Amino acid sequence: MIAKEEHLLTLEAQAKDQQIFISGRIWHELYPKVDPGLFLKVLGQKIDLKKYGDGIVKFYFTFVVIEKLTRNFSGWVGSDYFPKRASVDIGIRVPYEEIVAADEATVIRLMEKALLEGIDTIAAHERKFVAPFDYKAFKADVEAIFAEENWYKTEDTPA
Amino acid sequence: MFSLKSSARKLEPSNHSSSSTLRIISEDNSPRPSGWLPILLLILIALGSLHVGRKYYMSQKDLPPGLVVNPEGDMALSSKREAKLAKELEEIDNAVQYALVATKDGVYPCYACPSAQKVIFLYKGNVWKYGVTRKEESERYPNGNYGAENLLFLPLFWGTYGECLKQEKIMIYNYPFLPEAKERDIIILRPPGNKYDS
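It should be emphasised that the depicted structure is a prediction, and the values quoted were computed from it without experimental measurement. (Residues numbered from 1 in each chain as written. Chains lettered and ligands numbered in written order. Predicted model: local features only at pLDDT ≥ 70, side-chain atom pairs only at ≥ 80, totals over all residues. Heavy atoms only, no water.)

**Considerations on the overall build of chain A**
1) Next: The secondary structure content of chain A amounts to 5 helices and 4 strands.
2) Next: Mapped from its N terminus to its C terminus, chain A presents α and β elements in the order α-β-α-β-β-β-α-α-α.
3) Next: In chain A, which comprises 159 residues, the share counted as buried stands at 47%.
4) Next: Once local pairs closer than 6 in sequence are excluded, the contacts in chain A between residues at least 24 apart make up 76%.
5) Next: Split by element, the accessible area of chain A, about 8,300 Å² in all, is 53% carbon and sulfur. (Helix = DSSP H or I, 4+ residues; strand = E, 2+ residues; numbered from the N terminus. Buried < 20%, exposed > 50% of the residue type's maximum accessible area, 1.4 Å probe, protein only. Contact = heavy atoms within 4.5 Å. Areas by Shrake-Rupley, 256 points an atom, 1.4 Å probe, with all protein chains shown as cover.)

**Considerations on the packing of helix α2 (residues 36-46) of chain A against helix α5 (residues 135-147) of chain A**
All names here are of chain A.
1) Next: Closest axis-to-axis distance for the α2/α5 pair is 11 Å, and the angle between their directions is 125 degrees. Of the possible angle classes, the one that applies to α2 and α5 is oblique. Between α2 and α5 lies a crossing of right-handed hand. Across the interface between the two elements, Phe 39, Val 42, Leu 43 and Lys 46 from α2 touch Val 142, Ile 145 and Phe 146 from α5.
2) Next: Each residue belonging to the contact of α2 with α5 can be placed in one class, and the counts come to 6 nonpolar, no polar and 1 charged. (Axes fitted to C-alpha atoms, helices over the stretch in contact; angles between N-to-C directions. Parallel < 35°, antiparallel > 145°, perpendicular 65-115°, else oblique. Left-handed = near helix turned anticlockwise from the far one by under 90°. Nonpolar A, V, L, I, M, F, W, Y, C, P; charged D, E, K, R; others polar.)

**Let's talk about the state of the cysteines**
As used here, a disulfide is simply a covalent bond connecting the sulfur atoms of two cysteines.
Residue and element names in this part refer to chain B.
1) Next: One pass over the full model with this rule turns up 1 disulfide over all chains.
2) Next: Across the disulfide from Cys 110 sits Cys 113; the S-S distance is 1.9 Å. The S-S bond linking Cys 110 to Cys 113 shows a torsion near 90 degrees; that makes this disulfide right-handed. Residue Cys 110 shares its accessibility class with Cys 113, and that shared class is buried. (Disulfide = S-S within 2.5 Å.)

**Let's talk about the interface of chain B and chain A**
1) Next: With 37 residues of chain B in contact, the opposing surface of chain A contributes 38 residues.
2) Next: Carbon and sulfur atoms make up 56% of the area that chain B and chain A hide from each other, which totals about 3,200 Å².
3) Next: Applying the counting criterion to the chain B and chain A interface returns 1 salt bridge.
4) Next: Across the pair Asp 35 of chain A and Lys 124 of chain B runs a salt bridge, and its minimum N-O distance is 2.6 Å.
5) Next: At the level of secondary structure, the elements contributing two or more residues to the side of chain B that touches chain A comprise α2 (79-93), β5 (95-102), β7 (119-122), α3 (142-146) and β9 (151-159) of chain B.
6) Next: Tallied by class, the residues present in the side of chain B that touches chain A amount to 18 nonpolar, 6 polar and 13 charged. (Buried area = accessible area lost by both parts, 1.4 Å probe. Salt bridge = Lys/Arg side-chain N within 4 Å of Asp/Glu carboxyl O.)

**Description of helix α4 (residues 161-173) of chain B**
1) Next: Taking 1.5 Å per residue, 13 residues should reach 18 Å; α4 of chain B reaches 18 Å between its end C-alpha atoms and fits that length.
2) Next: As for α4 of chain B, its buried residues are in contact with β5, β8 (127-133) and β9 of chain B. (Expected span 1.5 Å × (residues − 1).)

**Examining the confidence of the model for chain A**
1) Next: Across chain A, the average pLDDT comes to 90, with 87% of residues at or above 70.
2) Next: By mean pLDDT, the top-scoring element of chain A is α5 of chain A (98), and the lowest-scoring one is helix α1 (residues 3-16) of chain A (62). (pLDDT = per-residue confidence, 0-100.)

See the structure below:
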């Protein structure tokens, strides 16, 4: 096996342990102004879901930044819990017009707000949890990360 | 029914000429009865009977699910099927052509690579797949819809389904000319996530 293939397989194995999945459905002109990758990277490094219980082992979150959402795409927004996978899947809409008008810091604030709002929706699924999960502590830890100045500016983030 | 009185007529000699021609004079001004009126009534009765008969016939017929008999006795789409038609027409008019791009550097499945290579390394922002969607997606779970983890859904074009399919083809065929595709060690014909040209 050549070194390059080994490297790829190592990365693939690492991906299997991933707990936090942050994505988006974003009008292409607003990318990378709206960059879920910033949230994915930092929360992926700093949050360990096992700390809060086994009720949620995978957290999927989607920022929806679309001007008009027709009826057939309304399903992009919402919150679901899947007991078989012990995963939660949340889609929250971020106001399109506000994003268009916002500067970088404001965009981050709007995205933070949406993500915290998404964590709040977990409460509605508590009865279906396959095991306990302390979503309040999860939210508190995420809030603490967001409270740090320039939390999203990692070493390799372009200035 | 017409009046018998109205049909009473008398004949009297005409004053206008000396000849023995006769003039018909009605006793009143009511319309003259005619022979076609009973026939018309019979036709109306026959039509009415036909309508009632058809209504009865339709109500006795086994209709497949989705069809109903309306109060007029005609066969019609059920409200559920009508709503389904409207929804499907709306879906055709409201489609989106999108790109799935990597949200982080890493390995992703590759369906367009040479057969021995199952995965490909993508940098954040690289295109993994172009696609079209028009239907309501039952789940928001990215892996369920996208085919791989850590992908971002970027709508590129909104339009009818046909317009979006054309746009998708243009994007897929032109993929090898993107800088990110040209820079790799291997040149692939389509984006890694596109098995086919559509």
